[in-house]
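An overview of the molecular structure
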Amino acid sequence: MDYSQFLVMKQEIGLLAVFLLVFLFDTFMPQRGQGCVGRFCCVLFAIFTAFGFCPSLTADGFDSAFAGMYNSSAAVVNIKNILNIGALIVMIQALRWADQDMVRIRRGEFYELLLVTLFGMYLMISARHFLLFVIGLETASLPLAAMVAFEKHRYESREAAIKYILTAVFSSAVFLMGLSFVYGLAGSLYFDNIAVALWGEQFNALLAVALAFVIAGIGFKLSLVPFHLWTADVYQGAPTPVTSYLSVISKGSAAFAAMVILWQAFGAVYSQAWEWMLYALIIITITVGNLFAIRQRNIKRFLAFSSISQAGYIMLGVIAYNYMGMAALMYYVLVYIFSNLAAFGVVGAIENASGKVWIDDYKGLYKTNPRLAFTMMLAMFSLAGIPPFAGFFSKFFIFTSAINQGSVAIYVLVLIALINTIISLYYYLLVVKAMFISQDDCVIARFRSAGSERLALWICVAGIIFLGIVSCVYNHLLEIV
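Description of the structure in this document. The structure displayed is predicted, hence computed values, not measured ones. (Residues numbered from 1 in each chain as written. Predicted model: local features only at pLDDT ≥ 70, side-chain atom pairs only at ≥ 80, totals over all residues. Heavy atoms only, no water.)

It is worth spelling out a nonpolar patch on the surface at this point. On the surface, Phe23, Leu24 and Phe28 cluster together into a nonpolar patch covering about 330 Å² of accessible area. By the secondary structure assignment, Phe23 is in helix 1 (residues 10-28). (Patch = residues over 30% accessible without salt bridge, like charges linked within 9 Å, V, L, I, M, F, W, Y side chains within 5 Å. Areas by Shrake-Rupley, 256 points an atom, 1.4 Å probe, with all protein chains shown as cover. Salt bridge = Lys/Arg side-chain N within 4 Å of Asp/Glu carboxyl O. Helix = DSSP H or I, 4+ residues; strand = E, 2+ residues; numbered from the N terminus.)

In structure tokens:
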């Protein structure tokens, strides 16, 4: 075996180095220094994230290792960099929560589990063989169950973990069943070999079932309807930093992986098979997510159904089946990271200070905590797609990439998505109305957020505004795909 192949995995090796350093710090540091493990991890990961943008990594090129099972390119490196930005913000947001009495003794484990899950997501994105993809999928999924159950003394956290692990196991079983059918059809698990074997293949029942099972397995990770039933309960029961990580990083990596699988392995049967499957899933996901979000009174369940709807918009980049769709998907996930983590940052700050997680608790928030209310307003406007914030341009680019496909069906799909965008304006503005217009005698008292929470929120606000006024980011992504 040529061990020099491991040098292709620069980002994975760097991430493992960060994990080992954090693990050694957490294990051998004296008790008085244990409180610094979170800050130590944030600093190391910030250095690692900055390293990911080095020209030597992001330059155009294509590297392969392990007989083609693992591939890296400029697009893949930038996808991982986008996930790194989100993971770093989550780590910073979690510092205050990790210092609480119930979590303090195990705070090092939280950061170690987070790094392990991110390593699995790296493998999912770079995999060009389904065996490596499944290894990455399980590496990402199993530690997430432990993260959901991190507050083990809370009943809601334990319940959420049970629901998550059961649905994860079931989705993996469905996905593996689909892979068995794919192997029966193609005789290989390499994406390229599957594409060659399916080229000119007549559409048949076995192919339809195989694709349905594969899409269903990925749909659980993306929270696509009807595979979304675990999402609201898990988001509500999990600790808020874990919920934000699930809603953004896990969803973003699953979207990238779905794009790679469907384009590279099943691109030959795009119009005959999975195009129409995704049409139905996107329409149902956006509509159901929006309608159920209107009914929610718990802010974390509200953001859960919002993320379900956003997953439908993200998949428009996959259905576009062109390079604009890939760039638009990457840009959408980048904007979604800043917007959603800004919302969860406010939710986490308020929960840490007052324990309140209901939308009605936010009434009159502007009078007592105007900066948090302003940040939440920016996040809601961006998620809703209101100009001139970044969310407007992310939706514009992803709709444009889909329309460029040119079929009548895609015009209908985009029209339905646009109508749903109007529906989403209503429930996002309900939160803004509660903070700025509604009155309540029991408003959240004035408090000062922790320094780490303010830093994370400033990063998110800067991202929302910067990506809304600077278009060169999208142009850069379009050039590298």
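Let's pick the thread back up.
Let us look at the environment of Asp101. Within the secondary structure layout, Asp101 lies in helix 5 (residues 101-104). A relative accessible area of 65% places Asp101 in the exposed class. When the C-alpha positions of Asp101 and Val174 are compared, they lie 40 Å apart, and in sequence the two are 73 residues distant. (Buried < 20%, exposed > 50% of the residue type's maximum accessible area, 1.4 Å probe, protein only.)

Turning our attention to empty space enclosed by the protein. Overall, the coordinates contain four cavities of 30 Å³ or more when judged by the stated rule. Looking at the largest cavity, its volume works out to about 70 Å³. Lining the largest cavity we find Met124, Phe133, Leu137, Ser171, Ser172, Phe175, Gly217, Ile218, Lys221, Ala254 and Ala257. Those elements that provide at least two residues to the lining of the largest cavity are helix 7 (130-148), helix 8 (155-186), helix 10 (205-222) and helix 12 (240-265). Its residues placed into classes, the lining of the largest cavity shows seven nonpolar, three polar and one charged. (1 Å grid on protein atoms, 1.4 Å probe; cavity = no way out; pocket = protein on both sides within 12 Å on 5 of 7 lines; lining within 4 Å. Points joined across faces, edges and corners; volume = space filled by probe spheres on them. Nonpolar A, V, L, I, M, F, W, Y, C, P; charged D, E, K, R; others polar.)

Judged by nonpolar contacts, the single largest core of 187 residues is most densely connected at Leu118, Tyr245, Phe266, Trp274, Leu278 and Met380. Examining the composition of this core, we find that 20 residues originate from one element, helix 16 (residues 323-354), more than from any other. Ignoring anything within four residues of it in the chain, the contact list for Leu118 reads Leu15, Phe45, Leu83, Asn84, Ala87, Tyr245 and Ile249. (Core = buried A, V, L, I, M, F, W, Y, C linked by side-chain atoms within 4.5 Å. Contact = heavy atoms within 4.5 Å.)

Here we take up the layout of surface pockets. Looking at the largest pocket, its volume works out to about 420 Å³. Contributing to the lining of the largest pocket are 15 residues, with Pro370, Arg371, Leu372, Ser449 and Arg454 lying nearest its centre. Residue assignment for the lining of the largest pocket shows that the elements contributing at least two residues are helix 18 (370-384) and helix 21 (451-469). Of the residues forming the lining of the largest pocket, the biggest block, five residues, is contributed by helix 18. Split by residue class, the lining of the largest pocket holds seven nonpolar, four polar and four charged.

By the definition in use, this model includes 29 aromatic pairs. Pairing Phe130 with Phe175 gives two aromatic rings, centres 6.1 Å apart and planes at 65 degrees, and the pair type is edge-to-face. Of the two residues, Phe130 sits in helix 7 while Phe175 sits in helix 8, which places them 45 residues apart along the sequence. Both residues of the pair, Phe130 and Phe175, count as buried. (Phe/Tyr/Trp six-rings, centres within 6.5 Å; stacked < 30°, edge-to-face > 60°.)

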